[in-house]
Amino acid sequence: MKVSQNWLKKYVDFKFTPEQLTEKLTMLGLEVESYEDLAKKYKNFVVGEVLARAKHPNADRLSICKVNTGTTVQNVVCGAPNVAAGQKVVVALIGANIPHNQHDPEGKPFIIERAKIREVESNGMICSEVELGLGKDASGILVLDEKAKAGTSLANYLGQTDVVYEIGITPNRADCLSHIGVAREIGLLVNKKLKMPKTVLRESTTAAAKFAKIEIFDKEKCPRYSARVLRNAKIGPSPKWLQDLLTSVGVRPINNVVDVTNYVLMETGHPLHAFDYDTLVGHKIIVKTAQDGEKFITLDGKERTLTSETLMICDAEKPIAVAGVMGGANTEITDTTTNILIESAYFDPRSIRRTSKYLGLSTEASYRFERGTDINITVLAANRAAQIIQELSGGELLRGALDAYPKKQKPLIVKARVSRINSIIGISLKKAQIVSLLKQIDVAAKSSSKDEILVTVPSFRNDLLEEIDIIEEVARVYGYNNIETKTHASIDFSSNVRTDLLQDEIRDYIIGLGFNEVLAIGLQDEATMSIAGKPLVKAINPVSAEMAALRTSLVPSALRIVKHNRNHGVRDLRLFEIGNIYLLNVDKTPNTLDAYYEEERLLLVLSGQNAPVSYGSASRDVDVLDLKGEVTALLSKFCLDNYRFIYYDNQESLCEPCIGIEINGAYAGFFGRVRIQIADKLDIDEAVFVCELKIRAIYDGWARDRKFSSLPKFPGVMRDLAFTIEAALPQKSVEDVIRKVGQPLCTNVVLFDMYSGQQTGIEKKSLAYALEFQSPDHTLTDTEIDNVLKKIIEAVQRQCNGVLRS
Amino acid sequence: MLDKIEHTKQVFITELQKVVTLQDLEQVRIKFLARSGEIAVLFEGMKTAAISEKPALGKALNELRQCTQAQFDEKKSSLEQTAKPKEVPFDLTLPGRPKPIGTKHPVVQVMEEMKRIFISMGFSVETGPDIESDYYNFGALNFAPDHPARDMQDTIFIADKILLRTHTSPVQIRVMEKQQPPVRAIMPGWAYRNEATSARSLVAFHQIEGLYVDHGVTFSELKGTLVAFAKQFYGSSIKYRFRPSFFPFTEPSAEMDITCFICGGKGCRVCKHSGWLEVLGSGMVHPHVFQAVGYDPEKYSGYAFGMGIERTAMLRYNIDDIRILYENDVRFLKQF
Ligand SMILES: [Zn+2]
């Protein structure tokens, strides 16, 4: 909200600089986001009197002027044809910033410097309207009123001395959505009572009640409706002071009636509306809800469809305003209006909010009504407006305010305990101190028992409803920064504190393997997310199509990241992510949380080359075995040997080949190469290998409790074996036979070579294994090992049709 | 005979001194040390010597053999050293075999550091779902239906009353529902707002929520804890201030500002010329929130706080456009 310093000073005297006021209001909870010092842009501009004009010796079109600028007389070279002795003009002194250079095609601003123009010294510039940004006339200099006093600053001459503050008012402080409201807070700072505007009415003898009637049908939504009637007013533009004030706080002046209602709104925070009395059929105001589907054209010229929830102001025949939101085009004040009805009502905040939301229409009025206005000042505000309208437009103010107020509201009394106030804030105030703190913000309180005070909540503070609200006000007025800063936490260290350790450990380990961590936003575009082939959780009001559906897998968003990097010339990628996926249970109703399931996943991505091109190491494209190695290392680190790979053929999956991972016998994830068709869809023409694992599964298999097993006392013996088998047979079938038959002496089997080609024929392959033999209780003899080898060779031959190579 | 031995020795020494090449040396070897060389001949001659002379002769001959052999070896090794082609020294400036360097996402780095500080102060870490109900995100947190406070957080909906959480505060409710006081937890995670993407805002961002509930927790202690955190995170010399604010689920509510560490409080573009940076929102847990989770507000009090991570990361790493954080450009990620 914009607040004018000059306007505030009508209600409270203060001498703060803009910086000081910014700081002080902010510390009271009225955050000043910025301020504009209007005088600043007129710095170094003064009113000057041209004492004499002489022709420039070296230029026909220029003249040399002697200008009195108040304290000194300056030489100023001027090119304008209309400059003449005796004129009062605007002089830009050295250092002045000319907002618009009329000789520059783009009108760029420039700063006045001491200059020699054709060898004649010039100490400033006499300005045109255009150069000052005050008008469009560029034909000559701006000539001021002859009464202007030389030396007066231009800001003062123009009356542009205001400072305008932009204040962020939190939703609980509806009372501060006005100049009087902000002035009340300043009053707290300077410890002064507010100077409230005096309303002196010049009423005619004719009673308003004879000319208009108010009926409230919906007393819930409209507890109070007040009005005043004026006759024979003359509509015209508002005077400059009013236009300036409104303009300074961002309100566009319209005419001397609408401007006054806006003025009173900005002054008191109470929204008003003026109707053209003669357009009101039956000269009646009826407050009731609309019919479902009813149409209505608001002041902005738009047709609105109403519901039976929408509260409307109507005359005897038709709706004339959406209550508290916007008036109708059918009854607005026009140039020909002469008789006026001023509405000043109190509407139920929730009702106004629903209407404003439903219509998608937020106005200065609805903004305040939905936050809560002061029900007690409806007549006051109407009177205030009536008085000023009468002053500005003439006319006759009919006697008496109309006021429909079926159920008078009693002031709210809130109990607050001194002990509670002190124990929540952590201070030790006496009862009397608390009462006096509250008094500073016009909140009356009195002692009711030893530990209790009764607080009478003023009607403008509709945020004070219970004890905790009073506690906050005490803390605020006491000053947050006066509250001691202390720590004496009573922490129970005996219970096991959960600290998300596993994710952090996995992350650190994977970073150690040289992966770069990525983080993607859960919301992505629907088309890419559908790649994972699962029902999507979608936003019903997405920000954009790019962020419309939640991820069901981390793979599709990772492919977009791969694509992004490839577009920027980065091809070799080792990426990982820890993030949530979101699944939809289509069997459950979508408006319960049961329909949604979230799970944390770990993603690994490999693409491009296995190592950067460098001397001493051969780079090659990564393959699925690179990823398998990483996955194996990760699983072995965290789950030891509680995992296994499942080699299956799943046409549905994102990968081809796709290898499943089981931890402790439960499905934990998969890895493989992203299907070519899928990569194609994203325009990625390179193999991408991904692994997606459930964090929970790793957690469940996490072998944290490790037990030491004693180291072998006798040396191991290495032997190699090579077999030729059918090329189609997986090596694992041979390895499994070796492991099984080799027990217990053969303790490790490593495939160290695989060959298929000329020597074997392509239908065959040769597998070479290194076997380690070891016994816990003695050094093995050759005979013992040879016996085992013999059994292995026989078994491989029998079970895998494997031929021993020698 | 002994003279002859001595003479042979002198001749050997003289000839060895003349040797320049390995070929010369070989000639010397053949002449003296070979199987039929002069020294072997002398040994042969010993056979014919008188028995009484034999021990002395044997000793002298053995000495001769050892001495000549030693001198020969020495000469040979010295010649070989000089004769060997000079070896090219290893080029130590060759690059090491490259290893990939892993990096942690900057947002995660900031979050981990914050977590570490709070864990050291006895906070546990809790999490909750991103897809939430209106009840957990608003209702239980004292956001009345049809209240303008809801405008503070533009919401992305999944279905009627189902939404993407707009803050991490619903986790407070979940933690309190399953646990009796004392509760001392932080709750990091994603939050979502229906805001257009720009250099300053994104549809999703991270928050860390904090909660402490026990007997006799005061606003004063809230200040103490958060100041302790800020001094550890931003540096012990920072200045700070608490100013009144509004959150429906806390009262009294406060925002905490610290002196802008970009300009030192003089005012700059980053702090919008105020000299202060807003670092977190906080307050005393509202009694209505306690009622919603079945805690007795007369028995317990507590504080809660929340802070955004991205802005902190941007300030720390001098990043001026929030969008780059989630583009996941490897050239960006590798800088951290
Ligand atoms: Zn700064």
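Residues numbered from 1 in each chain as written. Chains lettered and ligands numbered in written order. Predicted model: local features only at pLDDT ≥ 70, side-chain atom pairs only at ≥ 80, totals over all residues. Heavy atoms only, no water.

Right, let's get into the overall build of chain B. Along chain B, the regular secondary structure elements total 11 helices and 10 strands. At 44 Å, chain B has a C-alpha radius of gyration far larger than the 20 Å of a compact globule built from 336 residues. Taking the principal axes of the C-alpha coordinates as reference, chain B spans close to 130 × 45 × 45 Å. Long-range contacts, defined as pairs at least 24 residues apart, comprise 67% of the intrachain contacts of chain B with a sequence gap of at least 6. Summed over all atoms, the accessible surface of chain B reaches about 15,500 Å², with 52% contributed by carbon and sulfur. Charge separation in chain B, taken as the distance between the mean sites of 41 positive and 40 negative side-chain charges, equals 6 Å. (Helix = DSSP H or I, 4+ residues; strand = E, 2+ residues; numbered from the N terminus. Rg over C-alpha atoms; globule rule 2.2 N^0.38 Å. Contact = heavy atoms within 4.5 Å. Areas by Shrake-Rupley, 256 points an atom, 1.4 Å probe, with all protein chains shown as cover. Lys, Arg positive; Asp, Glu negative; His and termini not counted. Charge placed at Lys NZ, Arg CZ, Asp CG, Glu CD.)

This part covers the coordination of the zinc ion. Here the zinc ion is held by Cys260(B) (SG), Cys263(B) (SG), Cys268(B) (SG) and Cys271(B) (SG), and the distances to it run 2.2 to 2.3 Å. Around the zinc ion sit four donor atoms, and with donor-metal-donor angles ranging over 101 to 114° the site reads as tetrahedral. (Donors = N, O, S within 2.8 Å, 3.2 Å for Na, K, Ca; no water. Tetrahedral: all angles 85-135°; square planar, octahedral: opposite > 155°, others 65-115°.)

The next point concerns the state of the cysteines. This model, assessed by the stated rule, comprises zero disulfides over all chains. Sulfur of Cys314(A): no disulfide; nearest cysteine sulfur belongs to Cys222(A) and is 12 Å away. (Disulfide = S-S within 2.5 Å.)

The domain architecture assigned to chain B consists of domain 1 (2-83) and domain 2 (106-333). Centre-to-centre separation of domain 1 of chain B and domain 2 of chain B, based on C-alpha positions: 95 Å. (Domains from an automatic or database assignment.)

Turning to helix 8 (residues 219-234) of chain B, a few remarks are in order. All names here are of chain B. An ideal rise of 1.5 Å per residue puts 22 Å on 16 residues; helix 8 measures up with 22 Å between its terminal C-alpha atoms. Where burial is concerned, most of helix 8 is hidden: 13 out of the 16 residues are buried. Gly-235 lies just past helix 8 and shows a positive phi near 120°. (Expected span 1.5 Å × (residues − 1). Buried < 20%, exposed > 50% of the residue type's maximum accessible area, 1.4 Å probe, protein only.)

This part is about the sheet that holds strand 12 (residues 163-168) of chain A. Residues and elements named next belong to chain A. Judged by pairing direction, the sheet is antiparallel, and its three strands sit side by side in the order 1-12-2 without closing on themselves. Both outer strands of the open sheet, strand 1 (2-4) and strand 2 (31-37), are each paired with one neighbouring strand and no more. Across this sheet, the average inter-strand angle for adjacent strands is 25°, counted without regard to direction. Bridging between strand 2 and strand 12 involves six bridges; their strand directions are antiparallel. Of the residues in strand 12, the one forming a bridge with Val-32 is Ile-167. Lying over the sheet, helix 2 (residues 18-27) contacts strand 2 and strand 12, oriented at roughly 165° with respect to strand 2. (Pairing = 2+ DSSP bridges. Axes fitted to C-alpha atoms, helices over the stretch in contact; angles between N-to-C directions.)

Once that is clear, we can look at a positive patch on the surface. Residues and elements named next belong to chain B. There is a patch of like positive charges on the surface, built from Arg-200, Arg-269, Lys-272 and Arg-311. Following the sequence through the fold, Arg-311 ends up in helix 10 (residues 310-317). Owing to a relative accessible area of 38%, Arg-311 belongs among the partly exposed residues under this scheme. (Patch = residues over 30% accessible without salt bridge, like charges linked within 9 Å, V, L, I, M, F, W, Y side chains within 5 Å. Salt bridge = Lys/Arg side-chain N within 4 Å of Asp/Glu carboxyl O.)

On to the interface of chain A and chain B. The partner chain B presents 97 residues to the 89 residues of chain A that form the contact. A combined buried area of about 7,700 Å² lies between chain A and chain B, and 58% of that area is made up of carbon and sulfur atoms. Applying the counting rule to chain A against chain B returns seven salt bridges. As a salt-bridge pair, Lys104(B) and Asp508(A) come within 3.0 Å of each other at their nearest N and O atoms. (Buried area = accessible area lost by both parts, 1.4 Å probe.)

Moving on, we get to the side chain of Thr168(B). Tracing the sequence through the fold places Thr168(B) in the loop between strand 4 (162-164) and helix 7 (170-178). Reaching out from Thr168(B), the side chain makes a polar contact with the side chain of Glu209(B) at a distance of 2.8 Å. (Polar contact = N/O pair within 3.5 Å; in protein donor to acceptor, adjacent residues only side chain to side chain.)

A few words on the packing of helix 3 (residues 38-46) of chain B against helix 4 (residues 54-83) of chain B. Residues and elements named next belong to chain B. Direction vectors running N to C along helix 3 and helix 4 enclose 170°, while the axes themselves pass 10 Å from each other. Comparing their axes, helix 4 and helix 3 come out roughly antiparallel. Here Ile-39, Leu-42, Phe-43 and Met-46 of helix 3 come into contact with helix 4, specifically with Lys-54, Leu-57, Gly-58, Leu-61, Asn-62, Leu-64, Arg-65 and Thr-68. Taken together, the residues of the contact of helix 3 with helix 4 sort by class into seven nonpolar, three polar and two charged. (Parallel < 35°, antiparallel > 145°, perpendicular 65-115°, else oblique. Nonpolar A, V, L, I, M, F, W, Y, C, P; charged D, E, K, R; others polar.)

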